[in-house]
Amino acid sequence: MTDQNSPEIADDLPEQMRFRRTKREAILEAGAEPYALTYPRTATLAEVRAKYPSLEVDEQTGDMVSVTGRVMFVRNTGKLCFATLQDGDGTQLQIMLSLDKVGPERLDDWKKLVDLGDQVGVTGEVISSKRGELSVLAAEWTMTSKALRPLPVAHKPMGEETRVRQRYVDLIMRPAARDMVRNRATAVRSLRDSFHERGYTEVETPMLQLVHGGAAARPFVTHFNALDRDVYLRIAPELFLKRCVVGGIDKVFEINRNFRNEGLDSSHSPEFAMLEFYQAYADYNVMADLLREVIQEAAMAIAGSHVVTLHDGTEFDLGGQWRSVTVFGALSEALGEEVNVNTSYEQLVQYAEKHDLAVDPKWIPGKLAEELFEKLVQHTLQAPTFVRDYPEDTSPLVRAHRSTPGLVEKWDLYVRGFELGTGYSELVDPVIQRERFELQAKLAQKGDAEAMPLDEDYLRALEYGLAPAGGVGMGIDRLMMALTGLGIRETILFPLVRPE
RNA sequence: GGGCUGCUAGCUCAAUGGCAGAGCUGCGGACUUUUAAUCCGUAGGUUCAGGGUUCGAGUCCCUGGCGGCCCA
């Protein structure tokens, strides 16, 4: 601590950061390394815990191990020091450093140089303390990575914003943050396994697209220098996956990122992971069953049950068959009046006014019906529910309903009041598809920024013949919300946030 | 987009318009069985930024930045 005024140590830093830099320099001046090349670890903290589940109080094993971890708590006494190390998986284990084992110099170094948050390696005997705590009694310790910033206080919850902006700190401090990362990995792996078991092929389709399509959303635009033209970040992979089915990849899926140039807040992320899958000779009924199965398998993978425990401790049942309602059936029930796809626009406007829904004059009748549904019914759909049979004019890529004119064979899956996924019987007739695109072009001309542009190459593909097919899209982030009860920002490791 | 609201020490938070504080963290010391160790001592501030009102602003007003909640 003698070189506190060393010119290398900026004096405008907060006091605690200056001290930590000073300690780093002290380690270097002593000829040691504050950032070790490596440490010859022989066991993780979890492995030590697993191997010695129940030592007696004050027991010695005679077994030497080398462990590593981040210092989370320190309890130093005069000649015997305790610290709690934490491993990457969150497992904690106590280490002890005694004067008679490490000697006066290294014990003194420990007390002078080690801060909360530092990473260390410790070699010593596995013992239990006089209070029965499983411990490694150090014969040697090594600084493996000196932390120059202090950790937040462990006993007060971090601010939400700091957690999002500095997720690495959140991961150190909060088991739930680590659980989310691993649960998400488990769920995604489960999805891949589910599809591979069913004979599906995973593909990767373009993220940079000359024509964007497959969803109603505003795209991000970027510039491709080699072509000297703007290209789009994809809003959905749908049209490319259907090209795959044209080519004979009869069961195809993709798990990848989509980008939508919309609002930025705690419930919307401009980039989000999406699962889409398509199956030849399937319809929307088959696809609904399949989506239910793969979600239930994901729940089983992370919770060991179709009943998942949400972060607030409540249980949520994803098991069994799921309820199915129709858009207009559920809307009629909520209104107390019979409405259907033939209900006039004027009548729908009256219902909207009656229920305090502000009508955007740009809305087409089908859109108005959907908005009414979202206002009146959506929040009531807590248990998993397939909402079926949407108006044709809002669904340009979906096949007409097999029995009811004006409707299409599309469902949305609602869970806990939000939309988790959507599935269709796909529109495969290239002539009707061209008409639908032309209708979208008219909407775009009227100023609908979300209208779909006409995709000639996609139509060309359809003209070679797309087998009858069902398709499904589901947001991975939303799946994690459904499985954990957390908000979307908690499900994304590094959500985009406004610059500090 | 509209309304409400927050931003103060490393972290979590206090402070009628009148000396900017606490706990933990940090630093110095004591302690060979601690578990958020304890005990003694001590340091740490551009109160988000800029402007205004006032004898005096963390506090009141205006503009901007970054959040949160509610509404559309």
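Residues numbered from 1 in each chain as written. Chains lettered and ligands numbered in written order. Predicted model: local features only at pLDDT ≥ 70, side-chain atom pairs only at ≥ 80, totals over all residues. Heavy atoms only, no water.

A. Fine view of the overall build of chain A. Across its full length, chain A holds 15 helices and 18 strands. What you see for chain A is a C-alpha radius of gyration of 29 Å, clearly larger than the 23 Å of a compact globule of 500 residues, by over 25%. If you line up chain A on its principal axes, its C-alpha atoms span 85 × 55 × 50 Å. A separation threshold of at least 6 residues defines the contact pool for chain A, and within that pool the share at least 24 residues apart is 64%. For chain A, the computed accessible surface area is about 24600 Å², with 50% contributed by carbon and sulfur atoms. With 57 positive and 77 negative side-chain charges, chain A shows a spacing of 4 Å between the two charge centroids. (Helix = DSSP H or I, 4+ residues; strand = E, 2+ residues; numbered from the N terminus. Rg over C-alpha atoms; globule rule 2.2 N^0.38 Å. Contact = heavy atoms within 4.5 Å. Areas by Shrake-Rupley, 256 points an atom, 1.4 Å probe, with all protein chains shown as cover. Lys, Arg positive; Asp, Glu negative; His and termini not counted. Charge placed at Lys NZ, Arg CZ, Asp CG, Glu CD.)

B. Expanded view of unusual backbone geometry. Despite not being glycine, D228 shows a phi value in the positive range, around 50 degrees. For D228, the location among the structural elements is in the loop between β8 (221–224) and β9 (229–233). For D228, a relative accessible area of 58% puts it in the exposed group. Positioned with a positive phi, D389 is a non-glycine residue whose angle comes to about 70 degrees. Taking the relative accessible area as the measure of exposure, D389 reaches 10% and is therefore buried. (Buried < 20%, exposed > 50% of the residue type's maximum accessible area, 1.4 Å probe, protein only.)

C. Up close: the pairing of β9. Pairing analysis gives two bridges linking strand β7 (residues 208–209) to β9, with the strands arranged antiparallel. Paired with Q209 across the bridge in β9 is Y232. When β8 meets β9, the two strands line up antiparallel, connected through four bridges. Each bridged residue has a counterpart across the sheet, and for T222 the counterpart in β9 is V231. (Pairing = 2+ DSSP bridges.)

D. Focus on helix α10 (residues 345–354). Of all the residues in α10, the buried ones are L348, V349, Y351 and A352. On an axial view of α10, the arc spanned by its buried residues comes to 160 degrees, and they lie on one face. Counted as exposed and oriented over 90 degrees from the buried face of α10: E346, E353 and K354. Here the buried face of α10 lies against α9 (327–335) and α11 (365–376). (Arc of directions from axis to C-beta.)

E. Local environment of the side chain of R388. Mapped onto the fold, R388 is located in strand β15 (residues 385–391). For the buried R388, no salt bridge is present, and the opposite-charge side chain at shortest range is D389, 4.7 Å distant. In terms of polar contacts, R388 uses its side chain to reach the side chain of Y284, at 3.4 Å. Polar contacts involving the side chain of R388 include one to the side chain of N285, which spans 2.5 Å. With sequence-adjacent residues up to four places away left out, R388 is seen in contact with Y284, N285, S324, V325, T326, V327, K410 and W411. (Salt bridge = Lys/Arg side-chain N within 4 Å of Asp/Glu carboxyl O. Polar contact = N/O pair within 3.5 Å; in protein donor to acceptor, adjacent residues only side chain to side chain.)

F. Region of interest: the sheet that holds β15. What the eight strands build is an open sheet, ordered β6-β10-β11-β18-β17-β16-β15-β14; its pairing is mixed. One side of each edge strand has no neighbouring strand; the edge strands of this open sheet are β6 (201–202) and β14 (323–326). By the bridge criterion, four bridges tie β14 to β15 in an arrangement that is parallel. Counted as the bridge partner of V325 is V387 from β15. α11 contacts β15 and β16 (407–415) of the sheet and is inclined by roughly 160 degrees relative to β15. (Axes fitted to C-alpha atoms, helices over the stretch in contact; angles between N-to-C directions.)

G. Highlighting the side chain of S425. Along the polypeptide, S425 turns up in strand β17 (residues 418–425). At 2.7 Å, the side chain of S425 forms a polar contact with the side chain of E409. Excluding anything up to four places from it in sequence, S425 contacts D283, Y284, V398, R399, R402, E409 and A469.

H. The confidence of the model for chain A, seen in detail. Averaged over chain A, the pLDDT score is 91; the fraction of residues at 70 or greater is 97%. Mean pLDDT across the secondary structure elements of chain A bottoms out at helix α15 (residues 488–491), with 85, and peaks at β6, with 98. The low-confidence segment residues 1–8 (pLDDT under 50) makes eleven contacts with residues lying over four places distant or belonging to another chain. The complex prediction reports pTM at 0.90, with the ipTM value standing at 0.88. (pLDDT = per-residue confidence, 0-100.)

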